[in-house]
Amino acid sequence: MVQSRIVAFKSAAYLLDLRINDNGNKFTVTTELYFSGDSVGFYGRGYFGKGTFKGNIINDLATIYFRSENEYYEEMIGDFNSGVDCADASEVLIYVLSRLGSGNRKSGGGESSDLIDRVAVAKNEFKTEAGRFDRYLKLNKRGIPIRDKLIDPICGDSIVFKYYDQKREFPFYKMENFLYYNEPTKFRARGFVREQKYNIKIGPSKFVVEIPPSANRIVSF
């Protein structure tokens, strides 16, 4: 019996090795990342500058609680449109994590239907805009993304997503790794995807962050 192919994105779970170099200060954290509907949940089982953490992104509000320090970070995330102040590196990193749940969804008409007014810059590579970023999307011969690069020439941010070139992964593009680098601050974060699963049941506890009243709010991490 041939199993019917899943065509709708409902949920995703990632296991990441996140390696960070913050102006020479290096540390690594293993991170669980969950997506369901418009909600994002993540949990770090290691060092993230401030120890073990748990966070979520709901309605574009990012919240992270650092249990060992009893501190939390809370900030709205956006598309970082042109003409606004350059975002803090931690804000862009949260944006990168949130994008992992949407960048791998295959549209009904294929990737070409998503690129309006795109410009070919090389063989199978196209340029378009994404907020303040110049976006360069590299496709294979079948039109499947193999690299998605975002560059902000003004603020010095660059983000690169790399995908496995495997046709059998439809209807979802499987992430291989990503890199975020900020030139002015020398902040670098590279994520290696150890495991990823789609359309699995994810309990609501993965998206709940409990912050005690005694916790102190911080402006960056």
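Heads up: these notes are all about the structure in this document. (Residues numbered from 1 in each chain as written. Predicted model: local features only at pLDDT ≥ 70, side-chain atom pairs only at ≥ 80, totals over all residues. Heavy atoms only, no water.)

## So, the state of the cysteines
- According to the stated counting rule, one finds 1 disulfide in the structure shown.
- A sulfur-sulfur distance of 2.0 Å marks the disulfide that ties C86 to C155. Handedness of the C86-C155 disulfide follows from its S-S torsion of about -85°: it is left-handed. Highlighted residues: C86 in the loop between β6 (71-76) and α1 (89-99) and C155 in the loop between β10 (145-152) and β11 (157-163), separated in sequence by 69 residues.
- Its relative accessible area of 6% is what places C155 among the buried residues. (Disulfide = S-S within 2.5 Å. Helix = DSSP H or I, 4+ residues; strand = E, 2+ residues; numbered from the N terminus. Buried < 20%, exposed > 50% of the residue type's maximum accessible area, 1.4 Å probe, protein only.)

## A word on the side chain of N177
- As for its position among the elements, N177 is in strand β12 (residues 175-182).
- Among the residues examined, N177 registers a relative accessible area of 12% and is labelled buried.
- Leave out the neighbours within four places in its chain, and N177 touches V160, F161, K162, R190, G191 and F192. (Contact = heavy atoms within 4.5 Å.)

## Structural notes on the packing of aromatic side chains
- Enumeration according to the criterion identifies 6 aromatic pairs in this entry.
- Taking the centre distance of 6.0 Å and the plane angle of 80° together, the rings of Y14 and F35 count as edge-to-face. Residue Y14 is located in strand β1 (residues 11-22), and its partner F35 is located in strand β2 (residues 25-36); the two are separated by 21 residues in the primary sequence. The same class applies to Y14 as to F35, namely buried. (Phe/Tyr/Trp six-rings, centres within 6.5 Å; stacked < 30°, edge-to-face > 60°.)

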